[in-house]
Amino acid sequence: MKVPFLDLKLQHQAIRTEVLAALADTYDNTRFCLGKDVEDFERAFSATFGYARTLGMNSGTSPLHIASLCGGFGPGDEVITTPFTFASSCWGISYVGAKPVFVDIDPDAWCISPEAIAQAITPRTKGIVVVHIFGQPARMDEIMAIARQHKLFVVEDCAQAVGATYRGAPVGSIGDCGTFSFYPTKNLGGCGEGGAFVSKHPAVMDKAQLLRVHGSPKRYLHTEVGFNFRMDGFQGAVLNIKLKRLAVWTARRRAIAAQYRAGLKLAAVQLPVVPAYGESVWHQFTLLHPRRDDLRVHLEKCGVGTEIIYPGPMHRQPCYASLGYAAGSLPVAEQTSATCVSLPIFPELTDAQVDHVIKSVNSF
Ligand SMILES: *Cc1c(COP(=O)(O)O)cnc(C)c1O
């Protein structure tokens, strides 16, 4: 039996007719940049999860850039973040000339450690970029307590966590703002690039909206140096259709994760921990094993696709060499990167395929 790590074709075949009809309507009405499809999506996204407002954007990286500007980050400022993430979590900090300060992660849920944040605070600390990694909410109460004490601006990178909740609240609504990606491989993926920005502060939303389209409150008036971060109409049209199905897809991811957690019995394997405070949306199902590379070869032979997410933590990437983090400086993140392997988890997997993955892992 073959179990690919991810197969996007299945999902897109299932909704092909509906999506192509919607795209044709967008085309025929030339709603190419923002417009009704994007506005409908923004409203539906807000209503589905409980955000006051949502701004559609052209990627998941652009709202992180805007978040840094809304937080007032700039040269001379330090912003604390996690090294165990996709690179673009850090880009927003670097784009505005601030300095990313990497701190270690929790050894069980792999999100940023609040204790490590507390130790890294200096008079220059201006904010925190939290990442809800693999769809698992970070420990927001502890993080927000530190932020309140030191007057820090908290960005939640929710690129992998659309629909996840922390003590009942949707991720992105707890900190000062939240950012999403609709890259095709995300839990809610467009047919191309896309992203979104949310904030509980109306003034932050207004500023983000201004920056999204050329710093322009009205045509040919520019009150700020802005960007072109508009979501395109085609993505809005696709995302409207997919958003209606997301709850079913998320439930399926949770069922697969439960099947994995009940069935995986391999000695020396560390399974993802599910903290009681939150509900994960299982963007990845990742386990740790001391012989991770051999395990991958074995799974490959069994027809099971896997990925290493992430093989190199950000504090050790060449682009941040000048920050001077030595090998061993953030041991939990480095150890996690060295031993992690992600199993297939996408809604279209069959129970038999999930069973095959479990048997293949257990037979290692
Ligand atoms: C995918 C991702 C992003 C960036 O999204 P793009 O849409 O590719 O720009 C940011 N942060 C995390 C954690 C991601 O997984």
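Residues numbered from 1 in each chain as written. Predicted model: local features only at pLDDT ≥ 70, side-chain atom pairs only at ≥ 80, totals over all residues. Heavy atoms only, no water.

**Q** Pulling in residues and values, what's your account of the overall build of the protein chain?
**A** In terms of regular secondary structure, the protein chain is built from 12 helices and 12 strands. Since a compact globule built from 364 residues should have a radius of gyration of about 21 Å, the 20 Å found for the protein chain is in line with a globular shape. Along the first, second and third principal axes, the C-alpha atoms of the protein chain reach 65 × 55 × 35 Å. Buried positions account for 57% of the 364 residues belonging to the protein chain. (Helix = DSSP H or I, 4+ residues; strand = E, 2+ residues; numbered from the N terminus. Rg over C-alpha atoms; globule rule 2.2 N^0.38 Å. Buried < 20%, exposed > 50% of the residue type's maximum accessible area, 1.4 Å probe, protein only.)

**Q** With reference to specific residues and values, describe the side chain of Ser337.
**A** As for its placement among the helices and strands, Ser337 is situated in helix α11 (residues 331-339). Aside from chain neighbours lying at most four places away, what touches Ser337 is Phe84, Arg292, Ile308, Tyr310, Pro311, Gly312 and Pro313. (Contact = heavy atoms within 4.5 Å.)

**Q** Got a sec to walk through the pattern of salt bridges? Specific residues and values, please.
**A** All chains considered together, the criterion is met by 18 salt bridges. With a shortest N-O distance of 2.7 Å, Asp40 and Lys36 are connected by a salt bridge. Taken as a pair, Asp40 and Lys36 lie in helix α3 (residues 36-49) at a separation of 4 residues, close to a single helical turn. Overall, the relative accessible area of 47% leaves Lys36 in the partly exposed class. Where Arg252 meets Asp351, a salt bridge forms, and the shortest distance between an N and an O atom there is 3.1 Å. Of the two residues, Arg252 is situated in helix α9 (residues 233-263) and Asp351 in helix α12 (residues 351-362); the sequence distance between them amounts to 99 residues. One salt-bridge network, held together by shared partners, links Asp106, Glu115, Arg139 and Glu142. (Salt bridge = Lys/Arg side-chain N within 4 Å of Asp/Glu carboxyl O.)

**Q** Provide a residue-level description of the sheet that holds strand β9 (residues 195-198), including the pertinent values.
**A** Ordered in space as β1-β9-β8-β5-β4-β2-β3, the 7 strands form an open sheet in which the pairing is mixed. Looking along the sheet, the strands with just one partner apiece sit at the ends: β1 (55-57) and β3 (99-102). In this sheet, adjacent strand axes meet at a mean angle of 25° when their direction is disregarded. Docked against the sheet, helix α7 (residues 140-150) engages β4 (125-131) and β5 (153-157), running at close to 155° with respect to β5. (Pairing = 2+ DSSP bridges. Axes fitted to C-alpha atoms, helices over the stretch in contact; angles between N-to-C directions.)

Geometry only, nothing functional implied.
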